[in-house]
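The lines below spell out each chain.
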Amino acid sequence: MKQKSLFLGLMMGFTSLSVWAVGTENPTKPQAGSMPDNVSTIIEQRCFGCHNTDSKNDKAKEDLDFKTFDGLSTMKKMSSYNKIAEVLEKQEMPPQKFLEKFPDKNVTDEERTVLLEWAKNEAATLIKGN
């Protein structure tokens, strides 16, 4: 009986871990499967608050929703990566008005570089794949 309970507990834990890793049920993390950990961390800390399905910021989630990002078509992903790179290069994100209220959400130069390289590399990879 103990072995059966242990087995069921392990299976439930594994299933929960699998769901969490895929990101389908975790509302606090981006759902981009190919996203490196360092990029995911930056996005989670600096971007995800506005750019997700549950955000109260309709414009931000309409422009880019990290929870649904993996489900985009290849063309929409390429467009999104290019837009991410563009706003990072112009230093338009996070917006100044937002930073006045939440200065701790500002992206450092190092983080900006990491995100910019990631977005450009992902866009280039998608272009090569087509």
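Here the structure is a predicted model, which means the values were calculated and not measured. (Residues numbered from 1 in each chain as written. Predicted model: local features only at pLDDT ≥ 70, side-chain atom pairs only at ≥ 80, totals over all residues. Heavy atoms only, no water.)

Peer 1: Now, about the overall build of the protein chain: what can you tell me, with residues and values included?
Peer 2: If you tally the helices and strands in the protein chain, you get six helices and zero strands. The secondary structure elements of the protein chain, listed N-terminal to C-terminal, are α-α-α-α-α-α. Counting only residues that meet the buried cut, the protein chain has 30% of its 130 residues in that class. Taking as baseline every contact in the protein chain between residues at least 6 positions apart, the subset at least 24 positions apart corresponds to 51%. Accessible surface, the protein chain as shown: approximately 9,100 Å² in total, 57% of it carbon and sulfur. (Helix = DSSP H or I, 4+ residues; strand = E, 2+ residues; numbered from the N terminus. Buried < 20%, exposed > 50% of the residue type's maximum accessible area, 1.4 Å probe, protein only. Contact = heavy atoms within 4.5 Å. Areas by Shrake-Rupley, 256 points an atom, 1.4 Å probe, with all protein chains shown as cover.)

Peer 1: Account for the pattern of salt bridges, naming residues and giving values.
Peer 2: This structure, assessed with the given rule, holds seven salt bridges. Two residues, Glu111 and Arg46, come together in a salt bridge whose shortest N-O distance is 3.1 Å. Placement of the pair is Glu111 in helix α6 (residues 109-129) and Arg46 in helix α2 (residues 37-46), with a sequence separation of 65 residues. Residue Asp63 is joined to Lys59 by a salt bridge in which the shortest nitrogen-to-oxygen separation is 3.0 Å. Of this pair, Asp63 and Lys59 both sit in helix α3 (residues 58-63), separated by four residues, roughly a single helical turn. Note on Asp63: relative accessible area 46%, which makes it partly exposed. The network of salt bridges with common partners includes Lys83, Glu86 and Lys90. (Salt bridge = Lys/Arg side-chain N within 4 Å of Asp/Glu carboxyl O.)

Peer 1: Please set out the nonpolar core residue by residue, giving values where relevant.
Peer 2: Ranked by internal contacts, the top residues of the largest apolar core, which has 18 residues, are Ile43, Phe66, Ile84 and Trp118. Listed by contribution, the elements that provide at least two residues to this core are α2, α4 (74-89) and α6. (Core = buried A, V, L, I, M, F, W, Y, C linked by side-chain atoms within 4.5 Å.)

Peer 1: Quick one: what's the story with the side chain of Glu111, residue by residue and with numbers?
Peer 2: On the accessibility criterion, Glu111 (12% relative accessible area) is buried. One polar contact links the side chain of Glu111 to the main-chain amide nitrogen of Thr108, over a distance of 2.9 Å. Residues in contact with Glu111, not counting those within four places in the same chain, are Ile42, Gln45, Arg46 and Asn106. (Polar contact = N/O pair within 3.5 Å; in protein donor to acceptor, adjacent residues only side chain to side chain.)

Peer 1: So, the packing of α2 against α6: which residues are in play, and what are the values?
Peer 2: Following both chains from N to C, one finds α2 and α6 inclined at 120 degrees, their axes separated by 10 Å at the closest point. Classified by chirality, the crossing of α6 by α2 is left-handed. The segment α2 lies against α6, with Asn38, Val39, Ile42, Ile43, Gln45 and Arg46 engaging Glu111, Val114, Leu115 and Trp118. Here the contact of α2 with α6 is composed, by residue class, of six nonpolar, two polar and two charged. (Axes fitted to C-alpha atoms, helices over the stretch in contact; angles between N-to-C directions. Left-handed = near helix turned anticlockwise from the far one by under 90°. Nonpolar A, V, L, I, M, F, W, Y, C, P; charged D, E, K, R; others polar.)

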